[in-house]
Number of protein chains: 4
Amino acid sequence: MPSEPAPNTEEPRRRRKEARPGELVAAALDVFVERGFAAARLDEIAARAGVSKGTLYLYFESKEALFKAVVQEAIVPRIAEGEAMVASLDMAPEPLLRELLLGWWEVVANSKLSGIPKLVIGEAANFPDVAQFYFDNVVQRGRALLVSVIERGIAEGAFRPGDPLVLCQLALAPMLFASMWSRSLACCDPQGMSPDVYLRTHLEVFLGGLRAEPGRIPLPAA
Amino acid sequence: MPSEPAPNTEEPRRRRKEARPGELVAAALDVFVERGFAAARLDEIAARAGVSKGTLYLYFESKEALFKAVVQEAIVPRIAEGEAMVASLDMAPEPLLRELLLGWWEVVANSKLSGIPKLVIGEAANFPDVAQFYFDNVVQRGRALLVSVIERGIAEGAFRPGDPLVLCQLALAPMLFASMWSRSLACCDPQGMSPDVYLRTHLEVFLGGLRAEPGRIPLPAA
Amino acid sequence: MPSEPAPNTEEPRRRRKEARPGELVAAALDVFVERGFAAARLDEIAARAGVSKGTLYLYFESKEALFKAVVQEAIVPRIAEGEAMVASLDMAPEPLLRELLLGWWEVVANSKLSGIPKLVIGEAANFPDVAQFYFDNVVQRGRALLVSVIERGIAEGAFRPGDPLVLCQLALAPMLFASMWSRSLACCDPQGMSPDVYLRTHLEVFLGGLRAEPGRIPLPAA
Amino acid sequence: MPSEPAPNTEEPRRRRKEARPGELVAAALDVFVERGFAAARLDEIAARAGVSKGTLYLYFESKEALFKAVVQEAIVPRIAEGEAMVASLDMAPEPLLRELLLGWWEVVANSKLSGIPKLVIGEAANFPDVAQFYFDNVVQRGRALLVSVIERGIAEGAFRPGDPLVLCQLALAPMLFASMWSRSLACCDPQGMSPDVYLRTHLEVFLGGLRAEPGRIPLPAA
DNA sequence: AATGAATGAGTATTCATTCAT
DNA sequence: CATGAATGAATACTCATTCAT
């Protein structure tokens, strides 16, 4: 009769306990991104995290809560990094904007994270709480970031005058769209398209069209 | 006690029979767009069309077949109109491209149809057959249309040289994205954004960045 | 406006009208035998008969009624033939019994008809009316036939004394079983078995065991 | 108002868990035998086992899997017993064959088990997987048992020469047929028939016809 | 803290039967 | 007579959530 439990070949208990929520969130991110919100099965998330389904409910009170945690853990910090970048970098608006978009592309577009916008947009109508949470915590803060840079660019005369929010959306749309595409219809396309060419063309065309140049009229306004 | 049966307030049988598939497809379009493919309940489609669930199976052998019929009836003809437009209009590339994008926006973006791309992109991973069908019948044909115009623009020196497929995607992405947005997160946004300003800004910026002008370098290529 | 209907290239109306029920019953026999009673779809029966589903209900008030008609048309006359045979043939009991069993084998076992016993036995519990109908119209009459021959054989000292009904059942069981087997598990058996050897062995063994011979004791009795 | 929770009248969780599959299989056997495979409702099986429908799927992944488990648990062990019997008993072929058939009759014919052959034969055409499984696991092994005894009997000169597989089938057919009959048309027969007389007559007639005796010719062969 | 057995509401699909034309 | 459109009840299977251990 051993007075001590069999030597644990896995992580020590204490570490696991603290690490649990993070492991669960990581597994959840995987499954949510692969299947979407509605189609993700808690069973599969639990299995991938190596725990039982019941354990999920120890840490998260529902599927929605789990998803919110995924957003909180995986996406919100990326936004914060962008905010820090803007605060610390002392660059002219166009290079800064370019830098931000490139940074987003590198961090998000090529990782699992890029699956989240697709999921949220695709299922927002069926899960309004999820949508609202994402909007408040990700969209609003992300927009504020870009809008501030664009507003400065307009104020400084680097960009054509226009609606900054509209321009923010137009800067992001092709990138978000590409990330959604790559996780949906891209696999139906036998030839494909170079993501690199796509991104550089977008930046070149978008910034080329946004730049204030002699003879250019202001962009539309409300 | 009427000696004659109550006057039939319903459509005569013969007419209904021919009208049925169309009514079903219309109801299905509504529900698919509101709920997505997986979450759309056949019950609801039937109820909205005023028939029983069994009747759906008289005309469509499965949910997927019904969805394919929706795409076939509602989307494919719009593509055909675009093809006809390109064939008949004798315009310079830039105005033609502008016209096509505007036409798409008017016909699609403001109708239920704009819900279909969101649905397909959001659920392609879970329903590969649906995705392939949409890709083959809508994406490919739509792309061919725009790509031909863009190629001509490049050849004639109106547009900067670049990858036509990439440019096609970049022309459409902000529009498709906006239509997806309006059916998902837009309702979380208290202030909103003028679709009109959005579209005109996109055209102005995109075409402004695409236009060949002295001193401009070619766009990236593979 | 033709005063006469377009020349019918098919069967003339009058003949078809009378032939209808027979065609329906024939199609029904096929489908019932292939699928069983519950799994037979009226759709398929109608399609095979080249009529609409509704037409079936013009002639038969339900699936059960249709099945009863099948039994009536296809099986009952076969029994009558056996009865006629016994009445007309003036043979000793053993050759007569042999003749009857051989006749049954030839007429029934190798035709679709042999599917009916399997169906009735397999689904009697779920469709008691069908079972009762079959029992009254087929089993009882068939038994009476064989029992009379067996009783005569016993009375004349050709067969060992025993329960005639039991002997009747034992004479038929291997044949009915074989016909059920050939429509069910036979296809799982890669090697198979010669039906001819099977039948001849049965007759040889059964009649060999039934025959009264010196030193043999009577068979069991109730 | 009891200060303590009501004494748990149900089984403790741990015990139930291990007992569950067995209880489910037992309930399934009942319902499959009463209704057949297609007509058996999972609802009813679950209700009879005192669990919810979902619980069935915790243990068996489909109706087919449940049925295979029934065969595995309820029938296969019976075959094994027969195999053990042949291996252990040192008897002459005829008594051994008689013993095996009697044993089968006692164990199977009078229990629910006898409903399984009826079910399999009745629905094999509609459920080929089920049929194949039954054939491989029950029919083949059962045949091997009897065939070996029959072959030995022929070799030792106790039985007339003939096709052992055919003789095996002929030995079993009346017994299997009787078990199917008792669960189908027997209830339509007001007078009935003594199973005991039936069985003893079969053994007497069959073995009487099979026994090698002076002056008997060999049985048919392929 | 962790488990995993149990639940039961929810949904696509099938098919005998009806009835207006 | 004949049609075939319409019905709606029936059923296997799924999965988020609960809770006794």
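Just above sits the structure.
Overview of the pattern of salt bridges
Close approach of charged atoms lets side chains of opposite charge pair.
Then, in step 1: Counted according to the given criterion, the structure contains 62 salt bridges over all chains.
Then, in step 2: The residue Arg-98 of chain C makes a salt bridge to Glu-94 of chain C at a minimum N-O spacing of 3.8 Å. Of the two residues, Arg-98 of chain C and Glu-94 of chain C both sit in helix α5 (residues 93–109), four residues apart, roughly one turn of that helix.
Then, in step 3: Overall, the relative accessible area of 28% leaves Arg-98 of chain C in the partly exposed class.
Then, in step 4: Look at Glu-94 of chain C and you get buried, because its relative accessible area is 15%.
Then, in step 5: Residue Arg-143 of chain D pairs with Asp-189 of chain C through a salt bridge whose shortest N-O separation is 2.7 Å. Of this pair, Arg-143 of chain D sits in helix α7 (residues 128–155) while Asp-189 of chain C is found in the loop between α8 (164–182) and α9 (195–210), placing the two residues in two different chains. One exposure class covers both Arg-143 of chain D and Asp-189 of chain C, and it is buried.
Then, in step 6: If you follow the salt bridges from partner to partner, you end up with Glu-34, Arg-35, Arg-41, Glu-44 and Arg-48 of chain A in one network.

As for the packing of helix α5 (residues 93–109) of chain D against helix α9 (residues 195–210) of chain D
Think of two packed helices as two axes; the pair is described by the angle between the axes and how far apart they sit.
All names here are of chain D.
Then, in step 1: At a closest axis distance of 12 Å, the pairing of α5 and α9 adopts a crossing angle of 155°. In this view, α5 runs roughly antiparallel relative to α9, as classed from their interaxial angle. α9 is crossed by α5, and the crossing has right-handed handedness. Along the contact surface, α5 presents Glu-94, Leu-97, Arg-98, Leu-101, Leu-102 and Trp-105, while α9 presents Pro-195, Tyr-198, Leu-199, Leu-203, Phe-206, Leu-207 and Leu-210.
Then, in step 2: Of the residues that constitute the contact of α5 with α9, the class distribution is 11 nonpolar, no polar and two charged.

Looking at the relation of the copies chain D and chain C
Then, in step 1: Overlaying chain D with chain C gives an RMSD of 0.2 Å, the required rotation being 179° about an axis along which the chain moves by 0.0 Å. A rotation of that kind, with that shift, is consistent with a two-fold axis. Measuring from the rotation axis to each C-alpha of chain D, the shortest distance belongs to Gly-209 of chain D, at 1.9 Å.
Then, in step 2: When the interface residues of chain D are mapped onto chain C, 98% of them are again interface residues, pointing to one common binding face.

Concerning the nonpolar core
Then, in step 1: Formed by 155 residues in total, the largest nonpolar core has its most connected members in Phe-32, Leu-97 and Leu-185 of chain A together with Phe-32, Leu-97, Ile-116 and Leu-185 of chain B.
Then, in step 2: Residue contacts for Phe-32 of chain B: discarding those within four places in its chain leaves Phe-37, Ala-40, Ile-45, Lys-63, Leu-66, Phe-67, Val-70 and Leu-119 of chain B.
Then, in step 3: Of all hydrophobic cores here, the second largest spans 151 residues; its members include Leu-100, Leu-167 and Leu-207 of chain C together with Tyr-198 of chain D.

The rules behind the values
- Residues numbered from 1 in each chain as written.
- Chains lettered and ligands numbered in written order.
- Predicted model: local features only at pLDDT ≥ 70, side-chain atom pairs only at ≥ 80, totals over all residues.
- Heavy atoms only, no water.
- Salt bridge = Lys/Arg side-chain N within 4 Å of Asp/Glu carboxyl O.
- Helix = DSSP H or I, 4+ residues; strand = E, 2+ residues; numbered from the N terminus.
- Buried < 20%, exposed > 50% of the residue type's maximum accessible area, 1.4 Å probe, protein only.
- Axes fitted to C-alpha atoms, helices over the stretch in contact; angles between N-to-C directions.
- Parallel < 35°, antiparallel > 145°, perpendicular 65-115°, else oblique.
- Left-handed = near helix turned anticlockwise from the far one by under 90°.
- Contact = heavy atoms within 4.5 Å.
- Nonpolar A, V, L, I, M, F, W, Y, C, P; charged D, E, K, R; others polar.
- Least-squares fit on C-alpha atoms with pLDDT ≥ 70 in both.
- Core = buried A, V, L, I, M, F, W, Y, C linked by side-chain atoms within 4.5 Å.

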